[in-house]
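Single-letter residue listing:
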Amino acid sequence: AAPAPAKAKAEKAEKVDLAPDQEAALKAQCFRAVVQNDAATLAPLLEVLSVELWSSWRNKAGKDLIALSEERGASAAYCVLARAGGFVQERRHAALEEGESVWVLEAGELQPRRATVLEAAAEDAAEVLLELWDGDAPAARVQRALVSKAYC
């Protein structure tokens, strides 16, 4: 079954019917917002358009909105386009069981550290109680977003 947001977008896409002049005006606004990296303007414009429609648009140089955002380094606009297009999904966390091995990401470090879960944590838990395998640090609570299951 399709996730609810994709289904809602599909239903919305069927309801949108634009006159050619309206489409041209929205196209110009969207391209302008991408060039200016203006996510606040771009997001509501994309909400009334189907992905099929805006992803088919090209500027005079033959670039679509995504390619233009990448070329211009418009990261805020790219983020809005990627979400509206369904290219990115929110990371889902699995529940963690006591005694399970996990990887812990740390700011400024390329290599994650190994740890053991000391207290079971539900999928939506904000923090996880862990004990790191290396070092002498006491058990500590770590943000759930920084913890990944160790599948090995």
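None of the values given here were measured: they were computed from a predicted structure.

Asks: Where do I start with the packing of aromatic side chains in this structure?
Replies: The way to describe two aromatic rings as a pair is by their centre distance and the angle between their planes. Scanning the entire structure with this criterion turns up 0 aromatic pairs. In this structure, Arg114 packs its charged tip against the face of Trp103, placed 4.6 Å from the ring centre.

Asks: Is there a simple way to explain the packing of helix α3 (residues 39-47) against helix α6 (residues 75-84) in this structure?
Replies: The relative placement of two packed helices comes down to the angle between their axes together with the axis-to-axis distance. As a packed pair, α3 and α6 sit with axes 9 Å apart at the nearest point and diverge in direction by 20°. Comparing their axes, α6 and α3 come out roughly parallel. The handedness of the crossing between α3 and α6 comes out as right-handed. Here Ala39, Leu42, Ala43 and Leu46 of α3 lie close against α6, whose contacting residues are Ala76, Ala77, Val80, Leu81 and Ala84. Split by residue class, the contact of α3 with α6 holds 9 nonpolar, no polar and no charged.

Asks: Just checking my understanding: could you explain the packing of helix α2 (residues 20-35) against α3 for this structure?
Replies: Viewed as axis vectors pointing N to C, α2 and α3 meet at an angle of 145°, and their least axial separation amounts to 9 Å. In this structure, the crossing between α2 and α3 has a hand that is left-handed. Of α3, the residues touching α2 (which contributes Leu26, Gln29, Cys30, Ala33 and Val34) are Thr41, Leu42, Leu45 and Leu46. For the contact of α2 with α3, the class distribution of residues is 7 nonpolar, 2 polar and no charged.

Asks: What exactly am I supposed to notice about the sheet that holds strand β5 (residues 147-149) here?
Replies: Working definition: the strands of a sheet are paired by backbone hydrogen bonds and lie parallel or antiparallel to each other. If you walk across this open sheet you meet the 5 strands as β4-β3-β2-β1-β5, and the pairing is antiparallel. Where the open sheet ends on each side, the last strands, each with one partner, are β4 (140-143) and β5. Taken over all neighbouring pairs, the strand axes of this sheet differ in orientation by 50° on average, direction set aside. In this sheet, strand β2 (residues 113-117) lies alongside strand β1 (residues 101-104) in antiparallel orientation, the contact comprising 4 bridges. If you follow Ser101 over to β2, its bridge partner there is Thr116.

Asks: Hey, could you run me through the environment of Glu131 in this one?
Replies: Examined against the element boundaries, Glu131 turns out to sit in strand β3 (residues 127-132). A relative accessible area of 40% means that Glu131 is categorised as partly exposed. For the pair Glu131 and Arg141, spaced 10 residues apart in sequence, the C-alpha separation works out to 8.8 Å. Residues in contact with Glu131, not counting those within four places in the same chain, are Ala115, Thr116, Leu118 and Ala139.

Asks: What should I look at first to understand the nonpolar core in this one?
Replies: Burial of nonpolar side chains together is a common tendency in soluble globular proteins. In this structure, Leu42, Leu46, Trp54 and Trp57 are the most contacted members of the largest nonpolar core, which totals 20 residues. Only α2, α3, α4 (51-56), α5 (65-72) and α6 provide two or more residues apiece to this core. For this core, the element with the highest residue contribution is α2, accounting for 5 residues. Leu46 has contacts with Cys30, Trp54, Val80, Leu81 and Ala84, leaving out every residue within four places of it along the chain. Grouped together as the second largest cluster of nonpolar side chains are 10 residues, Ala121, Val128, Val142 and Val147 included.

Asks: Is there a simple way to explain the pattern of salt bridges in this structure?
Replies: In this structure the tally under the stated criterion is 6 salt bridges. Lys149 is paired through a salt bridge with Glu100; the nearest N and O atoms lie 3.2 Å apart. On the criterion of sequence distance, the pair formed by Lys149 in strand β5 and Glu100 in the loop between α6 and β1 is long-range, its members being 49 residues apart. Looking at Lys149, the relative accessible area reads 23%, which means it is partly exposed. When salt bridges with common partners are traced through the structure, they connect Glu106, Arg113 and Asp134 into a single cluster.

What counts and how
- Residues numbered from 1 in each chain as written.
- Predicted model: local features only at pLDDT ≥ 70, side-chain atom pairs only at ≥ 80, totals over all residues.
- Heavy atoms only, no water.
- Phe/Tyr/Trp six-rings, centres within 6.5 Å; stacked < 30°, edge-to-face > 60°.
- Lys NZ or Arg CZ within 6 Å of the ring centre and 35° of its normal.
- Axes fitted to C-alpha atoms, helices over the stretch in contact; angles between N-to-C directions.
- Helix = DSSP H or I, 4+ residues; strand = E, 2+ residues; numbered from the N terminus.
- Parallel < 35°, antiparallel > 145°, perpendicular 65-115°, else oblique.
- Left-handed = near helix turned anticlockwise from the far one by under 90°.
- Contact = heavy atoms within 4.5 Å.
- Nonpolar A, V, L, I, M, F, W, Y, C, P; charged D, E, K, R; others polar.
- Pairing = 2+ DSSP bridges.
- Buried < 20%, exposed > 50% of the residue type's maximum accessible area, 1.4 Å probe, protein only.
- Core = buried A, V, L, I, M, F, W, Y, C linked by side-chain atoms within 4.5 Å.
- Salt bridge = Lys/Arg side-chain N within 4 Å of Asp/Glu carboxyl O.

These values are about where atoms sit, not about what they do.
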